[in-house]
Every structure is written in C-alpha cells, then in structure tokens.
Amino acid sequence: MTSAPSANPPTASTARPVVLAVGVIALVAAGAVSLAVGARAVPVGELWQALADFDPRDGDHLVVRDIRLPRMVLGIAVGAALAVGGALIQTLSRNPLAEPGILGVTHGAGFALTVGAALGLAGSAISQLGLGVVGSVLATALVYAVGRHSTLRLLLAGVAFSAVLMGVSLGIRLTSPDALDQYRFWSVGSLAGREQTDLTVPLVAIGLALAGALVIARSLNAVALGDTVAHTLGADVARVRTVTLLLITVLAGAATAVAGPILFVGLIVPHLLRRLTAGSVPWLVGLSALVGPILMLVADTIARVLLHTGEVPVAIVTAFLGGPMLIWVVRRYGAGSL
Amino acid sequence: MSLLRSRLAKGAATAATLALTVGLSACGAAGGEQSDGATRQFEADNGTVEIPENPERVVATGYAVPTLIEAGAPLVGISSWERGEPLMSDEDLTTYEELPRIAGETAAETNYDAIAEQDPDLIVIGVPKPIFGEIDAERLESIAPVVAIGPNVPSAWREVSRTQADAAGALEQFDQVKDEYDTRADELKQKYADVLPDLKLAHVGGYGEVENGNFQREFDGSWGTNIANDIGAQYYGEVAEKGKGSRAVSEYPSLEELPSAMQEADAITYTVDPDGSAPQPVGYVLDSNLWKNLPAVEDDMTFPVKYTEAATYGQAKQTLDALDETFAPLLKK
C-alpha cells in the first residue's frame, strides 16, 4: 500500500537529490555501455568518432549510428514509459501488484497483432506497430467504458477483458500458423531489429505522456489518499483519474507496440523507489523515468552478451532480473514497503 | 526462425494430431483393407515396417504431401501443406485441393473423423526423425502400417522424397521427374561452368529473426543453396558452431556481423518470395547501410533466388529455372 505523503522522513528528502544525481550518471553510463557492447567489437575510440565525426563508409560507425544508437534511444523511451506507467497505475489503484498492462494494453496489442497476422496484415514492422497501437487503445477504451466508475472496477474489467482477449487470440493462433509464428516472436518483447522502423510517432507520444505524467503527479498525491480525502482537499478526482488513465494507456500502449510485452519493469521500478520517495508521487514518477531506462538498458546489454550463440529477447532478462529484485525488496523492507 | 525448426514444429503438431485422431476414432480398426495382401519389409526412420507391396490407400503428412502428389501416389488423405502451394504445378495444386484433409498445419485444425473414414492401408509421416518421437506411434499403427520418413538436413529432400515415393509404390513417375531435374541441372552446370565455380558465394536466407536483430546466413547444402550447388555454385565458409538439422548448414549472426560475414564474398544470393519480393528477414538486411557497403553489393553482384523452399524434384526444377534467370547476367560480364 502507498504510504501517507504527509510526513516524509528527513532521510528520504535529503536522499532524493543524491539519488537523482546518481541516477543521471548511471543512465549516462548505461547508455555508453549500450553503445559499446554488441556482436561486433567496436573500439572505444570509434564510439565517439561515430557520433561526432560519422563516416558512412566505416562499418564501426554504421553499427553505432544505425543500430546501437536507435536501440539505446528506444530502450530509454520504453524503460521510462513502462516504469512511469507502472508508478501511475500503482498509485492510482493503490494496488502494489498493478502494472501498466493490467488495463488490457498488452493483450489488446497481442490480440490485434494476432488478428492482423491471420488476415495477412502484419507482414511489416510498421504494420505490426500500427496494429499494436490500435489494439492497445481499443482494449483500454473498452475497459474504461466498462469500469470507469471506480478504480477497482476498472482493474477487474481490465483483468477480465485481458483474459477474453488472451483466449480468443490463442484460438486464432492455433488455427493460423502464420499468426502463431508472428505472435510468438512479438510476445517475447525485444528492442532488437527496430532500427529501420520509423518510431517517431510512438517516441513523441511517449515523450509527451512522460511530461504529462510529471504534471499530473502532484494531483495524484491527493488521489493516492483515497477519493474522500482527495475531494476534501479539493482535487477533481474524476478528471485526475481520467487523465492518468489516458497517460498510462499512451505510455504502455506505445511501449508495447514498439517493443512487445516487457513485463516487470512497470512493476519493479516503482517498488524499488517507493520507500525512497516516501509517498511523493512527483518524485516517484520522476525517478521512475530515470531508473526505468537504466534497468532497460542494463537488461538489453545483458541480453546481447548472455549467450555466445546470439542475443536473447530483453523481456527474458527483465523478467529474470525483476523477479529476484521484487523478492529482495519484499525481504529487505517487508510487505509494508509495497 | 529457421525453416527446419518451423517445419519441425508444424510437422510435430500435425503428427500429434494424427496420433490423437487414431486413438479417438479407430479403436479395433487395425489395418485398412490391404490391396492384394502382399507385403514387404521397409526401412524407415521408425525401424523396419511391414507395408503393402502395392498400397492403394495412402495417407500422407508433412513433406510427404508434395512428394507423393507429384509422384502420382494413390493418396486418399493429406495434411495441409500451405507453404508448398506456391511451388506446386497447376495439376498438382488441383490434386492437392481436391484431396481430403486429414490434418491441418497444426493439431487444432485436424478433422478427427476424416482420417478414420479414409481407411488407409499405409500412412507416410513426412516429418524429421526427432519429431516422430513425439507421436503416439502405437495408436497410429492400429489403423495402418506407418512409415516415418523425414529430412534431417535441408539437402536430404532428395533421398527422403525418393524413399517416400518408394514406400507409396510411386517410384516410376518419381524417377521420371528426377531424371528431368538431373538433365536440367547438368545443362545449367555446363552453361555456367566458366563463371559460377570461380565465385565465392554467400547467401542470405529467408528465415532470419528480425525481432532478434539477426539474419540467416546459409552455407553449402542449406535450403537456399543446395540446388545452386547442383549447378556448380559454391558457398564459402561454414557454420561457426554446428548444430543439428539446418543448424549444421546455416547460422544466425547479428546484423552487426554482416560485414565480417560477407566481406569476402564475390557475389551474394538471397532468398525472395515467388513474386520476387524480399521476405521481411531479407528486407531487413537489404535495407541496411551495412549491406550497401559490402563489396559484392557495390560491384552489383547480388542475385535474388526464388523457390528456395523446394523439397521435391518437380519443385526444384522451378528453382533451377529461377537460378538460370538470376545468374544469366553473369554470362555477359
């Protein structure tokens, strides 16, 4: 459960700026490592050359500029989107197990991709991206239409609708080998192979939604205390909830559309930061936007070198890291930290 | 995804469905009606099997479907084989479409009653050996003799298809088509004798995994190369770490490794769809700037190849024609 925002421990207040500074440094370091590590050995000196003095005839420069740099940007955007989406949904629902996909985003995108593949409409990366966006938005809109009157009802509608979409998708995949083939790759989220796809729209959407999350975070402080208290404090609960849900949909929908379902980032990052932020939703959102990308970049770098036979999808690494991290948080701080 | 891996999975699903079908609908129906009672011992992946000498009601799955249609075997039921449809002749396609489906591409598509209704006297399971281990063979054998004959490496379709045709008593037509293939291959080998054997070739296959940022490089004896090998093409190098099946002749390096993988190639072939368009995994390579910087690409020595999925001699004749068409400019250089 989210702790009360009123009496922040002094240690947390003073630690936040330090964590922010360390986080920025860690993000820069993770980004640098992300540019440096890959299947092709690129000398460190060439990294800077590739960025500052690009030679389109140089293989090292092409690898850095055409493959690793777009992938790093994507990792930052997806990590931030999922982590902030997780922070928002956990705060709004006051449910420590909530994650961005709980509103039907993940299964909506998966359903749309499955139907599209079965109809022969998912043959290119851009079409898969479009299907993911459409599926996410439609699924969330339907969930919202059913459960908009209360947060609990919204979550239940999301879970129920996700189950329905999952079942129908499974049925389609079992009767369509093409849909099964395309889905099984998409269903294990990855940051690889996206560098040739124009991701301008989803990345801009994520950027705007992150800015919106920082703006709405202050209002969420009141809503986090419960509707009654929030009303007493003068908050427009309905408006805050609607805007927050819209932001979650954009963040999770865009991230899922471009990278597939990547679980645990949206769940674990807010938990890692909850004790530190001591109930301050703005700090939780801000630091999530920093730590989410770090986790994603580290996981993606590990994904490239984990197996000598080739890289593994980053979602496998995030799940592998996320599970133990969650257990560690629970053991270290107790269930109360959740 | 590697082609063989994909095919293994699909073959397994189909085969498993067949096994279930038998279990559900054929209790006590051991042995379809034998044509004349004469039998022979036949060596298959599942051991020595006693089969009819002249089978008259054959059920085929997987790779056996296009082979036995092409060989004119007495088929009474087949599994779906959508991936082979673009390679079938009009006549074979008509036969394929008219035959009853006893299984789809996956287990869930199987019509559980249809297989029992066909009352086969021979069942030819055309899936690779490891997949056959997932089948409940005992149940299947309670309907009719079962022979499992599937490829373990891509180039094995030659031997495998002949064994399938032999089991189904359809060697005569099979050998006729094989002779036509051999004649055409020899003809092209002579035609390109002065140019092709001297080239260091590399091949980009159609089963790279864009989602993992890699591409498929195929060496001698792989899907995209084995028919070109028959006309004198040689693909340099070998798999860094050999695996089983298609992994022995193809690998999946990261796109980052494209320059090191193909820098030495004098010419590069790549798989395209029957309509000439590049499948997504090949397009991923062709659209990259790393590809555009390769010496072979700069020298305009790249050659698209259609019909690289051929797994019968009839289909492979189309591949030969496609190779002739794509390599023709070499004779003018």
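See above for the structure.
A quick note: this is a predicted structure, and the numbers were derived from the prediction, not measured. (Residues numbered from 1 in each chain as written. Chains lettered and ligands numbered in written order. Predicted model: local features only at pLDDT ≥ 70, side-chain atom pairs only at ≥ 80, totals over all residues. Heavy atoms only, no water.)

Visitor: How should I be thinking about empty space enclosed by the protein in this particular structure?
Guide: In this approach a probe as big as a water molecule rolls over the atoms, and the regions it shows empty are the leftover space. Residue and element names in this part refer to chain A. Counted under the stated rule, the structure contains seven cavities of 30 Å³ or more. Taken as a whole, the largest cavity spans an internal volume of roughly 200 Å³. As for the largest cavity, its lining consists of 14 residues, and the residues nearest its centre are A125, Q128, R194, T197 and V258. Those elements giving two or more residues to the lining of the largest cavity turn out to be α5 (125-147) and α10 (237-259). The dominant element in the lining of the largest cavity, judged by the number of residues it contributes, is α5, at three residues. Classifying every residue of the lining of the largest cavity by side-chain character gives eight nonpolar, four polar and two charged. In this structure, the second largest cavity spans a volume of roughly 80 Å³. In terms of lining residues, the second largest cavity is bounded by 13 residues, among which L82, E99, T106, T256 and I262 are the most central. The element contributing the most residues to the lining of the second largest cavity is α10, with three residues. Tallied by class, residues from the lining of the second largest cavity come to seven nonpolar, five polar and one charged. (1 Å grid on protein atoms, 1.4 Å probe; cavity = no way out; pocket = protein on both sides within 12 Å on 5 of 7 lines; lining within 4 Å. Points joined across faces, edges and corners; volume = space filled by probe spheres on them. Helix = DSSP H or I, 4+ residues; strand = E, 2+ residues; numbered from the N terminus. Nonpolar A, V, L, I, M, F, W, Y, C, P; charged D, E, K, R; others polar.)

Visitor: What exactly am I supposed to notice about the pattern of salt bridges here?
Guide: Once their charged atoms are close, side chains differing in charge can pair, the charge on each being opposite to the other. Taken as a whole and judged by the stated rule, the model has 17 salt bridges over all chains. Between R57 of chain A and E298 of chain B there is a salt bridge whose closest N-O contact spans 2.4 Å. Within this pair, whereas R57 of chain A is found in the loop between α2 (44-52) and α3 (59-93), its partner E298 of chain B is found in helix α13 (residues 295-298), the two belonging to separate chains. With a shortest N-O distance of 3.2 Å, D324 of chain B and R184 of chain B are connected by a salt bridge. Placement of D324 of chain B in helix α14 (residues 313-327) and of R184 of chain B in helix α8 (residues 171-191) is noted, with a sequence separation of 140 residues between them. One network of salt bridges, with partners in common, ties together R184, E187, K191, D321 and D324 of chain B. (Salt bridge = Lys/Arg side-chain N within 4 Å of Asp/Glu carboxyl O.)

Visitor: Which parts of the structure should I look at to understand the sheet that holds strand β11 (residues 267-271) of chain B?
Guide: Two strands in a sheet stick together by hydrogen bonds in their backbones, pointing the same way (parallel) or opposite ways (antiparallel). All names here are of chain B. Taking strand neighbours across the sheet as the criterion, the five strands line up as β10-β9-β8-β11-β12 in an open arrangement whose pairing is mixed. Each end of this open sheet is capped by a strand with a single partner; those strands are β10 (250-251) and β12 (302-305). Where strand β8 (residues 201-205) lies against strand β9 (residues 216-218), three bridges are found, and the strand directions are antiparallel. Paired with H203 across the strands is E218, a residue of β9. Sheet strands touched by α14: β11 and β12. Its angle to β12, the strand with the most contacts, is close to 155°. (Pairing = 2+ DSSP bridges. Contact = heavy atoms within 4.5 Å. Axes fitted to C-alpha atoms, helices over the stretch in contact; angles between N-to-C directions.)

Geometric descriptors of this kind do not, in isolation, establish any biological role.
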